[in-house]
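Descriptive structure summary
Below, each chain spelled out in residue letters.
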Amino acid sequence: MIHIFKRGTSEITLCLLHSEGHDENELMHVAKVIDPHANILAIRGNVIENGVYRFCKRKTMGVYDEKSLIEETHRLKSFINESARSFGFDINKVVVIGNGCGANIAINMLLHYDKAFHKAILFHPMIPKRITNLPNLNQCKIFIGAGENDYLTPQHEVVELTQILQSANAIVDVYFTKYGHQLSKDEIEAARIWCKEKVIYDV
């Protein structure tokens with residue numbers, strides 16, 4: 001998979017998963033705010049839809065192609081594991097930062113792999129697929145940034161997603177802004193504080 005790796009000075013590696021229509025460079029500035037000392041592994045989505053990069057195919061707006069979702073989730077997880085071996089970073093200290101469709105495939109990894117990530121920062125996520133057999137996320141810490149006026153990922157879906165993750169034994173903090181679907185400075189700053197000071201946000 002097309003990617004960028006930048007060596008940092010800490011043991012943490014930030015895995016960046018971009019939103020629809022962007023590429024591996026989208027969240028570089030976010031990573032520098034969240035943890036300027038971390039390694040960075042920024043990955044480009046493997047699917048091209050209508051000329052833009054995504055992490056899996058869709059059937060319609062907001063409805064994922066289940067076969068593609070499964071295949072790309074496995075492909076991405078395998079690539080992260082291979083990257084850990086190639087670049088020599090600790091697979092158990094990976095913090096994923098996902099935006100939009102990048103956040104969605106990160107959620108799918110969390111729900112299908114034991115200890116997929118050390119922590120997760122998810123901006124404007126939706127529920128990629130509803131499953132009945134939830135894993136045990138073993139108190140994995142998850143930050144969700146969302147907008148009260150987000151037409152693509154409405155507030156009620158963020159609340160439902162939070163409940164699903166909590167039912168899987170994750171510790172989830174949600175930060176709502178008054179904005180829409182665009183990633184805001186407020187969310188990024190809230191995520192930085194959450195990572196540094198473990199501030200708790202409520203749904």
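Our subject is the structure that appears above.
This is a predicted model, so every value here is computed, not measured.

Quick notes on the layout of surface pockets
Here the largest pocket is characterised by a volume of approximately 490 Å³. In terms of lining, the largest pocket is formed by 24 residues, of which the most central are S19, E20, G100, L152 and H181. Residue classes in the lining of the largest pocket are distributed as nine nonpolar, eleven polar and four charged. Considering the residues around the second largest pocket, the lining is formed by 15 residues, among which K115, F117, H118, N138 and C140 are closest to the centre. Residues belonging to the lining of the second largest pocket are distributed by class as follows: seven nonpolar, five polar and three charged.

Comments concerning the nonpolar core
Ranked by size, the top nonpolar core spans 44 residues in total, and within it L17, I43, F117, I142, I144 and L165 carry the most contacts. Top contributing element to this core by residue count: helix α3 (residues 101-110), with seven residues. Excluding residues that lie within four positions of it along the chain, I43 makes contacts with M1, I2, H3, C15, L16, L17, H18, E24, F55, L76, F79 and I80. A42, V95, I97 and A190 belong to the second largest nonpolar core, which has 20 residues in total.

Quick notes on helix α5 (residues 185-197)
With 13 residues, α5 should cover 18 Å at 1.5 Å per step; its first-to-last C-alpha distance of 18 Å lies within 8% of that length. For α5, every residue scored as buried is listed here: E187, I188, A190, A191, W194 and C195. One face of α5 carries all of its buried residues, which in axial projection span an arc of 160°. What points out from α5, more than 90 degrees from its buried face, is the exposed set K185, K196 and E197. Buried residues belonging to α5 abut α1 (28-34), β9 (119-123), β10 (141-147) and β11 (171-177).

Let's talk about a nonpolar patch on the surface
Residues M61, Y151 and L152 make up a contiguous nonpolar surface patch of roughly 370 Å² in combined accessible area. For M61, the position within the fold is in the loop between β6 (58-60) and β7 (63-64). By relative accessible area, which is 60% here, M61 ends up exposed.

What counts as what
- Residues numbered from 1 in each chain as written.
- Predicted model: local features only at pLDDT ≥ 70, side-chain atom pairs only at ≥ 80, totals over all residues.
- Heavy atoms only, no water.
- 1 Å grid on protein atoms, 1.4 Å probe; cavity = no way out; pocket = protein on both sides within 12 Å on 5 of 7 lines; lining within 4 Å.
- Points joined across faces, edges and corners; volume = space filled by probe spheres on them.
- Nonpolar A, V, L, I, M, F, W, Y, C, P; charged D, E, K, R; others polar.
- Core = buried A, V, L, I, M, F, W, Y, C linked by side-chain atoms within 4.5 Å.
- Buried < 20%, exposed > 50% of the residue type's maximum accessible area, 1.4 Å probe, protein only.
- Helix = DSSP H or I, 4+ residues; strand = E, 2+ residues; numbered from the N terminus.
- Contact = heavy atoms within 4.5 Å.
- Expected span 1.5 Å × (residues − 1).
- Arc of directions from axis to C-beta.
- Patch = residues over 30% accessible without salt bridge, like charges linked within 9 Å, V, L, I, M, F, W, Y side chains within 5 Å.
- Areas by Shrake-Rupley, 256 points an atom, 1.4 Å probe, with all protein chains shown as cover.
- Salt bridge = Lys/Arg side-chain N within 4 Å of Asp/Glu carboxyl O.

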